[in-house]
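These are the residues of each chain, in order.
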Amino acid sequence: MSIDDTPKMSWWNRLAHPGQFLAWTRPLIWPLAGVTTALYLLGLWFAFFNSPADYQMGDTVRIMYVHVPTAWLSQFVYAAMAVSALGTLVWRHPLADVSMKAAAPLGAAFTAMALFTGSMWGRPTWGTFWEWDGRMTSTLILLFIYLGIVALWRAFDDQLRAARVVAVFTLVGAVNVPIIKFSVDWWSTLHQPASVFRADGPTMPGSLLTPLFVMFFAFTLLFVTLQLLAMHTEIRRRRLVTLERRAARGDTL
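Within an unreviewed UniProt entry, the label attached to the protein chain reads Heme exporter protein C, and the organism entered is Devosia marina. You can read under Sequence similarities (unreviewed entry) in the UniProt record for the protein chain the words "Belongs to the CcmC/CycZ/HelC family."

Structural data, given as structure tokens:
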């Protein structure tokens, strides 16, 4: 077989190589951080200085600009982890477990923020910080699942074995995501049904939608940036562990 006949690696196979992933994504981090910062500044300006108070909730409606994006990310991050879990168990993609491990603390942080801001918003709106309704309870369970996943990763020295265990646990826990999504439709709850978009269009004026969407993209890009940074850190940490084990055995590179 000549050199020209050698099969070329697909982009998927190239992406599976940690070195290629680092090389491709490293130049993206600072631009992403810059765009994220700009969106946050723009979103906060809209939220505090260029959006009206709600006619019912008053200025407390501004909590929405943090609560809604973090609540969305609490579910989106877990869905991404479930895809990574499939990548670990089914396709055995080398970076799937790295992505899964990097996302878990971020998902836990967004879920905790969603619960906290929801409580702060609920007190003046509903008269209580907490109610054991379907949406709040299932979101609290999601936080516990995230924390359990983080603890599982730390419980194993062998990260390959940990990846398989965590992947199974993640897929089992994924059943909670549709429960969170549809809890307001299935049970009587303090939470209103879909209140941003419905079948007949948006349910709030553009003066409220604009800062909400800007903050939505800001939080989403924040996750992407932090996810890439966490994956880079985990790849380098594993390389360091491998080098230390080789040095302990007296192997030469």
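From this point, things continue past the structure.
## Comments concerning a nonpolar patch on the surface
Taken together, the side chains of Leu 42, Leu 44, Trp 45, Phe 48 and Phe 49 make up a nonpolar region of the molecular surface, amounting to roughly 550 Å² of accessible area. Relative to the assigned elements, Leu 42 resides in helix α2 (residues 18–49).

## A look at the environment of Ala 53
Looking at the element boundaries, Ala 53 is found in the loop between α2 and α3 (64–91). For Ala 53, a relative accessible area of 39% corresponds to the partly exposed category. Every residue in contact with Ala 53, bar those within four places of it in the chain, is listed here: Gly 58, Asp 59, Val 61 and Arg 62.

## A short note on the layout of surface pockets
Of the volumes computed, that of the second largest pocket is approximately 590 Å³. The wall of the second largest pocket is formed by 24 residues, among which Pro 94, Asp 97, Gln 159, Leu 160 and Arg 238 lie closest to the centre. If you list the elements that add at least two residues to the lining of the second largest pocket, you get α2, α4 (96–126), α6 (159–173) and α8 (206–249). Looking at which element gives the most residues to the lining of the second largest pocket, the answer is α8, with 7 residues. Residues belonging to the lining of the second largest pocket are distributed by class as follows: 9 nonpolar, 6 polar and 9 charged.

## Describing unusual backbone geometry
The residue Arg 92 is not glycine, and still its phi comes out positive at about 55°. Position of Arg 92 relative to the elements: it lies in the loop between α3 and α4.

Quick notes on the rules
Residues numbered from 1 in each chain as written. Predicted model: local features only at pLDDT ≥ 70, side-chain atom pairs only at ≥ 80, totals over all residues. Heavy atoms only, no water. UniProt positions renumbered as here; feature names shortened; annotations may be inferred. Patch = residues over 30% accessible without salt bridge, like charges linked within 9 Å, V, L, I, M, F, W, Y side chains within 5 Å. Areas by Shrake-Rupley, 256 points an atom, 1.4 Å probe, with all protein chains shown as cover. Salt bridge = Lys/Arg side-chain N within 4 Å of Asp/Glu carboxyl O. Helix = DSSP H or I, 4+ residues; strand = E, 2+ residues; numbered from the N terminus. Buried < 20%, exposed > 50% of the residue type's maximum accessible area, 1.4 Å probe, protein only. Contact = heavy atoms within 4.5 Å. 1 Å grid on protein atoms, 1.4 Å probe; cavity = no way out; pocket = protein on both sides within 12 Å on 5 of 7 lines; lining within 4 Å. Points joined across faces, edges and corners; volume = space filled by probe spheres on them. Nonpolar A, V, L, I, M, F, W, Y, C, P; charged D, E, K, R; others polar.

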